[in-house]
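# Examining the three-dimensional arrangement
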Amino acid sequence: MDERPDWARRMVEERAARDWSQADAVRALMVRLPEDQEVSEQDLLRQWKRWERGDAQPTKYRSAIAAVFNTTTGAFFPERGRRDGRSEILQVSGMDTVDIIARLRASDVDVATLDALRITADRLCCEYAYMPADQLLLEGKAWLARVVGLQHQRVSLAQHRDIIALAGKLSLLVGCVEYDSGRPRDAEATRRAALMLGQESGELSVQGWAHEMRAWFSLTRGDYRGVVAAAEAGIAAAPNESVAVQLYAQKAKAWARLGDRTQTEVALDQGRQLLERMPYPENIEDHFVVDPAKWDFYRMDALRKVGENRLAEQLAREVIRAGTDFDGTERSPMRIAEARVTLGVVAAREGDLDSALAFGERALTGSRRSLPSLAMVSADLGQALQSQYAHASEAQAFIAHLRELRGGQ
């Protein structure tokens, strides 16, 4: 059993995916070090060997090591810990759901009620990753209706702005789940409403995420120029919000599908640098927070599209590890499904039909799925299977299954 820290194991895997020796990795690291950080190559090589064994932690070299492998410090050296939204509501406001609803019926709204509503919205956004779509949609719409109803009560101007911003965030969530469920027209109408609410409240994050949703919708429809346009509009609206990182990632995905490797790498590096400058998120479970591990997920998609099989495979395995609890519970089932598709694509390209089909079947059987996104990435697996195994009956049966998935959106 490998008892090394995750970061030590990852150092070895990232290096191996690039066919680097330890000396190669050290030379790449030295290029990333600040000019005032002087160290000899031999001393650094000795330290690198200790890091890979897990004997010592590379404390002052962490950001440079992450940059060597084109990721962020938070992704390579993650901070563990989760927030329990339901417990937090009680802790902060002293209210459970029944209490909140009772307070909403009052003639005016106090600070505690708004705080409880804000935490409730955050909880729903955290449950996006794993709650069944129909259940989350029902609950999201119910809370959105309650928040919108507050506008008819006595509130201050500041409270009115907070209510509009909360309605904007809940609208974003509802729109995402509608799109996951194969309801694109409803999702687009909800997205537009969220954008207007973000503009009315002056909430830049809500505005940026509304543009990001447009980029996502365009990506899954194959409108890659539309992705770039939506991403640029979102970055202009919210250049310093974490959503801008995801917008750069959407640009990278689009450029990769357009076959422009240079623009893909530029967009990935812009997003990585912006994320590296941001503080580690307080709540990495929130769907509308770009956590460092999500960046590896984005890079995986782009690298798969440009044919970097070994790097894409290494990142896919990292995505699965990062999204799985110690007891095997999958906290990020939708990310994991796309990672498995990536492993299937790599296996198909390398001539392993059995593994390709096994990864593909497992990716398609999850209970929590984003149908448009899963159909989009699964198309890559279908293309690889068609190219490599046009005459294999089991491959053709799986390709037919993928056509049914795309047709059922």
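Residues numbered from 1 in each chain as written. Predicted model: local features only at pLDDT ≥ 70, side-chain atom pairs only at ≥ 80, totals over all residues. Heavy atoms only, no water.

As recorded in an unreviewed UniProt entry, the protein chain goes by XRE family transcriptional regulator and comes from Streptomyces yaizuensis.

Assigned secondary structure in the protein chain consists of 21 helices and 0 strands. Here the C-alpha radius of gyration of the protein chain, 23 Å, is about what a compact globule of 409 residues would show, namely 22 Å. By its C-alpha atoms, the protein chain is 70 × 60 × 40 Å across when sized along the principal axes. For the protein chain, the residues scored as buried account for 53% of the 409 residues in total. For the protein chain, restricting intrachain contacts to residue pairs at least 6 apart in sequence, the fraction spanning at least 24 positions comes to 65%. Carbon and sulfur atoms provide 48% of the accessible area of the protein chain, an area that totals close to 18,400 Å². (Helix = DSSP H or I, 4+ residues; strand = E, 2+ residues; numbered from the N terminus. Rg over C-alpha atoms; globule rule 2.2 N^0.38 Å. Buried < 20%, exposed > 50% of the residue type's maximum accessible area, 1.4 Å probe, protein only. Contact = heavy atoms within 4.5 Å. Areas by Shrake-Rupley, 256 points an atom, 1.4 Å probe, with all protein chains shown as cover.)

The next point concerns the side chain of Asp-296. Structurally, Asp-296 can be placed in helix α16 (residues 292-305). A relative accessible area of 3% places Asp-296 in the buried class. Not counting residues up to four positions away in its chain, the partners in contact with Asp-296 are Arg-10, Thr-71, Ala-75, Leu-315, Glu-318 and Val-319.

Moving on to the packing of aromatic side chains. Across all of its chains, the model carries 13 aromatic pairs by this definition. Consider the rings of Trp-209 and Phe-288, whose centres lie 5.3 Å apart with planes at 75°: the pair is edge-to-face. In this pair, Trp-209 sits in helix α12 (residues 204-221) while Phe-288 sits in the loop between α15 (261-277) and α16, placing the two residues 79 residues apart along the sequence. Side by side, Trp-209 and Phe-288 carry an identical accessibility label, which is buried. Consider the rings of Trp-216 and Phe-217, whose centres lie 5.6 Å apart with planes at 45°: the pair is tilted. You can call Trp-216 buried: its relative accessible area is 10%. In this structure Phe-217 comes out as buried when scored by relative accessible area, which is 1%. (Phe/Tyr/Trp six-rings, centres within 6.5 Å; stacked < 30°, edge-to-face > 60°.)

Here the focus is the layout of surface pockets. Roughly 720 Å³ of volume is contained in the second largest pocket. Lining the second largest pocket are 28 residues, with Lys-169, Glu-203, Ser-205, Asp-286 and Val-289 sitting closest to its centre. Secondary structure elements with two or more residues in the lining of the second largest pocket: α8 (111-126), α10 (157-180) and α12. Here the element with the most residues in the lining of the second largest pocket is α10; it accounts for 6 residues. (1 Å grid on protein atoms, 1.4 Å probe; cavity = no way out; pocket = protein on both sides within 12 Å on 5 of 7 lines; lining within 4 Å. Points joined across faces, edges and corners; volume = space filled by probe spheres on them.)

Let us now look at a negative patch on the surface. A contiguous patch of negative charge on the surface is contributed by Glu-350, Asp-352, Asp-354 and Glu-394. Looking at where Glu-394 falls in the secondary structure, it is placed in helix α21 (residues 393-407). Owing to a relative accessible area of 40%, Glu-394 belongs among the partly exposed residues under this scheme. (Patch = residues over 30% accessible without salt bridge, like charges linked within 9 Å, V, L, I, M, F, W, Y side chains within 5 Å. Salt bridge = Lys/Arg side-chain N within 4 Å of Asp/Glu carboxyl O. Lys, Arg positive; Asp, Glu negative; His and termini not counted. Charge placed at Lys NZ, Arg CZ, Asp CG, Glu CD.)

Considering the arrangement of structural elements, one finds Thr-329 in the loop between α17 (309-322) and α18 (333-349). We classify Thr-329 as partly exposed; its relative accessible area is 40%. If we ignore the near neighbours within four places in the chain, the residues touching Thr-329 are Gly-323 and Thr-324.

Interaxial distance between α18 and helix α19 (residues 353-364) falls to 8 Å at its minimum, and their mutual angle equals 165°. In terms of their interaxial angle, α18 and α19 are classed as roughly antiparallel. Here α18 and α19 pass one another in a crossing that is left-handed. Along its contact with α18, which presents Ala-337, Arg-340, Val-341, Leu-343, Gly-344, Ala-347 and Ala-348, the element α19 presents Ser-355, Ala-356, Phe-359, Arg-362 and Ala-363. (Axes fitted to C-alpha atoms, helices over the stretch in contact; angles between N-to-C directions. Parallel < 35°, antiparallel > 145°, perpendicular 65-115°, else oblique. Left-handed = near helix turned anticlockwise from the far one by under 90°.)

A few words now on empty space enclosed by the protein. Taking a probe equal in size to a water molecule and rolling it over the atoms shows the remaining empty space. Evaluated as defined, the whole model comprises 2 cavities of 30 Å³ or more. Volume-wise, the second largest cavity comes out at about 30 Å³. Taken together, Met-334, Ala-337, Glu-338, Arg-369, Ser-370 and Leu-374 make up the full set of residues lining the second largest cavity. Its residues assigned to classes, the lining of the second largest cavity shows 3 nonpolar, 1 polar and 2 charged. (Nonpolar A, V, L, I, M, F, W, Y, C, P; charged D, E, K, R; others polar.)

Between its first and last C-alpha atoms helix α11 (residues 184-201) spans 25 Å; for 18 residues at 1.5 Å apiece the expected length is 26 Å, and the two agree. Listed in full, the buried residues belonging to α11 are Ala-187, Thr-190, Arg-191, Ala-194, Leu-195, Leu-197, Gly-198 and Ser-201. Buried residues of α11 fall within an arc of 165° about the axis and therefore sit on the same side. Turned more than 90 degrees from where α11 packs its buried face, Arg-185, Arg-192, Met-196 and Glu-200 sit exposed. Each element contacted by the buried residues of α11 is listed here: α10 and α12. Backbone geometry just after α11 places Gly-202 at a positive phi near 75°. (Expected span 1.5 Å × (residues − 1). Arc of directions from axis to C-beta.)

Moving on, we get to the nonpolar core. Formed by 70 residues in total, the largest nonpolar core has its most connected members in Tyr-128, Leu-172 and Leu-173. Of all the elements, α10 adds the most residues to this core, at 11 residues. Beyond its immediate chain neighbours, meaning those up to four positions away, Leu-172 contacts Ala-194, Val-206, Trp-209, Ala-210, Met-213 and Phe-288. Counting 32 residues, the second-largest nonpolar core is a separate cluster that includes Val-228, Ala-363, Ala-375 and Met-376. (Core = buried A, V, L, I, M, F, W, Y, C linked by side-chain atoms within 4.5 Å.)

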